[in-house]
Amino acid sequence: MDLMQVRLKDFELVTKGSKKMERILIEGEYPRHRLAEMLFSNLSLMHLVAPYFPQTIETDFPVEPRMRDLIAAMYASDKRPRPIFRTPRGNWSWPVLPKSDPGRAAVAYSGGKDSMWNVWWTQERYGPENVLAVHLGGLNQGQRNHEAAYAIRQSQALGFHLQTIRLLNSSSNHGYRVMRSRDMFLAGLIVPVAMEFGAGRVIIEGCPSGNPEMYFTEQAENFQLFNRILKEFGIPVRVGWRLREEIDVIRDLLKHRPSWLPLVCNCFSAAHHKPFLRRSWERRAPTLPLYESQCGSCFKCLTVNLARVLYDPEMQRADLADIRIFLISTRRWMRENREKMADIMGETFVKSFNRAVKRYGLGHLAVA
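For clarity, every value in this text was computed on a predicted model and none was experimentally measured. (Residues numbered from 1 in each chain as written. Predicted model: local features only at pLDDT ≥ 70, side-chain atom pairs only at ≥ 80, totals over all residues. Heavy atoms only, no water.)

Colleague: Outline the pairing of strand β4 (residues 56-59), listing residues and values.
Modeller: Side chains T56 and E58 project from β4 onto one buried face, and the interleaved I57 and T59 project onto a second face that is buried too. As paired strands, strand β1 (residues 3-9) and β4 are joined by 4 bridges and run parallel to one another. Looking at β4, one finds that V6 is bridged to T59. Here β4 pairs with strand β5 (residues 84-86) via 3 bridges, running parallel. Within the sheet, the bridge partner assigned to T56 lies in β5 and is I84. Each parallel crossover has a hand, and for β4 linked through helix α2 (residues 65-77) to β5 it is right-handed. (Buried < 20%, exposed > 50% of the residue type's maximum accessible area, 1.4 Å probe, protein only. Helix = DSSP H or I, 4+ residues; strand = E, 2+ residues; numbered from the N terminus. Pairing = 2+ DSSP bridges. Right-handed = clockwise from strand over helix to strand, strands pointing away.)

Put into structure tokens, the structure is as follows:
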């Protein structure tokens, strides 16, 4: 795409994509001040252009020079030349901001196991009264209201503070490539909410790494750049994360918050496929206790249930034959998807699988 034109009205960004009009809009309660509008407009712009990498970006609102640098860094990460920006002169200008409390945190909350773990960990560190979970509804288009409903239900049942940002998102930025921009877009929209809460940290899911093959917002050095930009803007909030393997996340929750995991929302399957997949498991392994949100067959469900086979007393009370059926099915899935899913089927998953098959008398299925 040679040119992308983007227009801003209040907290709504609109552009013409390759096939449709695309927009990002914040609905309902959200901080409505100049800094919030700058973060929304500039980071939403980054999110809208990420699928297309247009050569020229034309806006009717100012794009801060450091935000231009951030967008250009995303281009460079994908081996694209720096875009040309055609934007109005001027800057956003906002007053001096109040200090934040380093003993308070806002947690990006999806309702999945990693965000549950982050809430547990930050509550342990800062105290429950100093932790705010923030759900960005509409960020993950495949889940939409599904994730939001689970997040609200979890906060009510488990007693933690939750604020929801309602997002109308028709961007073409979806699928795994969304990681070019998603986590900075997410963190940046949470920053004004964190400031109102007095939090000095926004804790995100996942573990940005040093792997240059990963997408832009999956690389730790790029979040270091993002934090430097926040500091240069005078924003008293930094983005952080904790490095914890998925299997260990589940083990920690089973040990420290065993009542939380049954409410988890952590499944990749489309809603219309889930009933069929669950009925299939009911026929093949009727004593295997799936959580309410699980299909039982996607990688997310396999990971959670593999950890449960090792660490969850409820799962271990299932019939031995049903646990073996689960492990045999998991081994078949691994064989069929080893190359395609190599980036997420890591060493910890394989080691945990080998441990489980040996424990349940299927050592011949161990993966070399």
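Colleague: Break down the packing of α2 against helix α6 (residues 220-232) for me, citing the residues and quoting the values.
Modeller: Between α2 and α6, whose axes approach to 10 Å, the crossing angle comes to 175°. On the basis of the axis angle, α2 is roughly antiparallel to α6. Taken together, the residues of α6 that come into contact with α2 (itself represented by R66, L70 and A73) are L225, F226, I229 and E232. Classifying every residue of the contact of α2 with α6 by side-chain character gives 5 nonpolar, no polar and 2 charged. (Axes fitted to C-alpha atoms, helices over the stretch in contact; angles between N-to-C directions. Parallel < 35°, antiparallel > 145°, perpendicular 65-115°, else oblique. Contact = heavy atoms within 4.5 Å. Nonpolar A, V, L, I, M, F, W, Y, C, P; charged D, E, K, R; others polar.)

Colleague: Explain the packing of helix α5 (residues 182-197) against α6 to me, using residue names and the numbers behind them.
Modeller: Where α5 contacts α6, the two axes come as close as 11 Å, and the packing angle between them is 30°. Comparing their axes, α6 and α5 come out roughly parallel. Our pair here, α5 against α6, has a crossing hand that is right-handed. On α6, the residues that touch D183, M184, A187 and G188 of α5 are N222, F223 and F226. Of the residues that constitute the contact of α5 with α6, the class distribution is 4 nonpolar, 2 polar and 1 charged. (Left-handed = near helix turned anticlockwise from the far one by under 90°.)

Colleague: Lay out the pattern of salt bridges in plain terms, naming residues and giving numbers.
Modeller: Counted under the stated rule, the structure contains 19 salt bridges. Notably, a salt bridge pairs R182 with D183, separated by 2.8 Å at the nearest N-O pair. Across the salt bridge formed by D312 and R308, the nearest N and O atoms sit 3.0 Å from each other. Of the two residues, D312 and R308, neither departs from the other in class, the shared state being buried. A single salt-bridge network, built from bridges that share partners, covers R66, D69, R82 and E232. (Salt bridge = Lys/Arg side-chain N within 4 Å of Asp/Glu carboxyl O.)

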